[in-house]
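What follows is the residue order along each chain.
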Amino acid sequence: MLACGPFADITVSIVTYNSQDVIGDCLKSLPEGVAVRVFDNASSDGTVELIHSQFPAVQLVASDEN
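Residues numbered from 1 in each chain as written. Predicted model: local features only at pLDDT ≥ 70, side-chain atom pairs only at ≥ 80, totals over all residues. Heavy atoms only, no water.

A. Representation of the side chain of Asp-40 within the structure. Mapping Asp-40 onto the fold places it in strand E2 (residues 35-41). Although Asp-40 lies buried, it forms no salt bridge, and the closest oppositely charged side chain, Arg-37, sits 15 Å away as judged by the N-O distance. Polar side-chain contacts of Asp-40 include one of 2.6 Å to the side chain of Ser-43. Beyond its immediate stretch of four places on either side in the chain, Asp-40 contacts Thr-16, Tyr-17, Thr-47, Val-48, Leu-60, Val-61, Ala-62 and Ser-63. (Helix = DSSP H or I, 4+ residues; strand = E, 2+ residues; numbered from the N terminus. Buried < 20%, exposed > 50% of the residue type's maximum accessible area, 1.4 Å probe, protein only. Lys, Arg positive; Asp, Glu negative; His and termini not counted. Salt bridge = Lys/Arg side-chain N within 4 Å of Asp/Glu carboxyl O. Polar contact = N/O pair within 3.5 Å; in protein donor to acceptor, adjacent residues only side chain to side chain. Contact = heavy atoms within 4.5 Å.)

B. Expanded view of helix H1 (residues 20-28). For H1, the full list of buried residues reads Ile-23, Gly-24 and Leu-27. All buried residues of H1 lie within an arc of 100° about the axis, which places them on one face of the element. Among the exposed residues of H1, those pointing more than 90 degrees away from its buried face are Asp-21, Val-22 and Asp-25. The elements touched by buried residues of H1 are strand E1 (11-16), E2 and helix H2 (47-54). (Arc of directions from axis to C-beta.)

C. View of the nonpolar core. Ranked by size, the top nonpolar core spans twelve residues in total: Ile-14, Ile-23, Leu-27, Val-34, Val-36, Val-38, Val-48, Leu-50, Ile-51, Phe-55, Val-58 and Leu-60. Elements with a minimum of two residues in this core: H1, E2 and H2. The dominant element in this core, judged by the number of residues it contributes, is H2, at three residues. (Core = buried A, V, L, I, M, F, W, Y, C linked by side-chain atoms within 4.5 Å.)

D. Looking closely at the pairing of E2. In the sheet, E1 pairs with E2 via six bridges, with the strands oriented parallel. Across the sheet, Val-12 pairs through a bridge with Val-36, a residue of E2. Once you follow E1 into H1 and on to E2, the crossover reads as right-handed. Note that E2 and strand E3 (residues 59-63) share five bridges and pair parallel. Bridging across to E3, Asp-40 finds its partner in Ala-62. (Pairing = 2+ DSSP bridges. Right-handed = clockwise from strand over helix to strand, strands pointing away.)

Right, here's the structure in full:
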């Protein structure tokens, strides 16, 4: 995600593990223009797929193991 505007110097980093039920609300709560990186620790509940499909601007780093 390319950061711009008043939040250009801010990057939000989020670590997830089987967080499908809450990650969507978390990402929606962030102000527009903030760069976001999600580090997923081998979730098996659809967290990675949800982020890919609903939040394409989020930089996702998906690990193969927790």
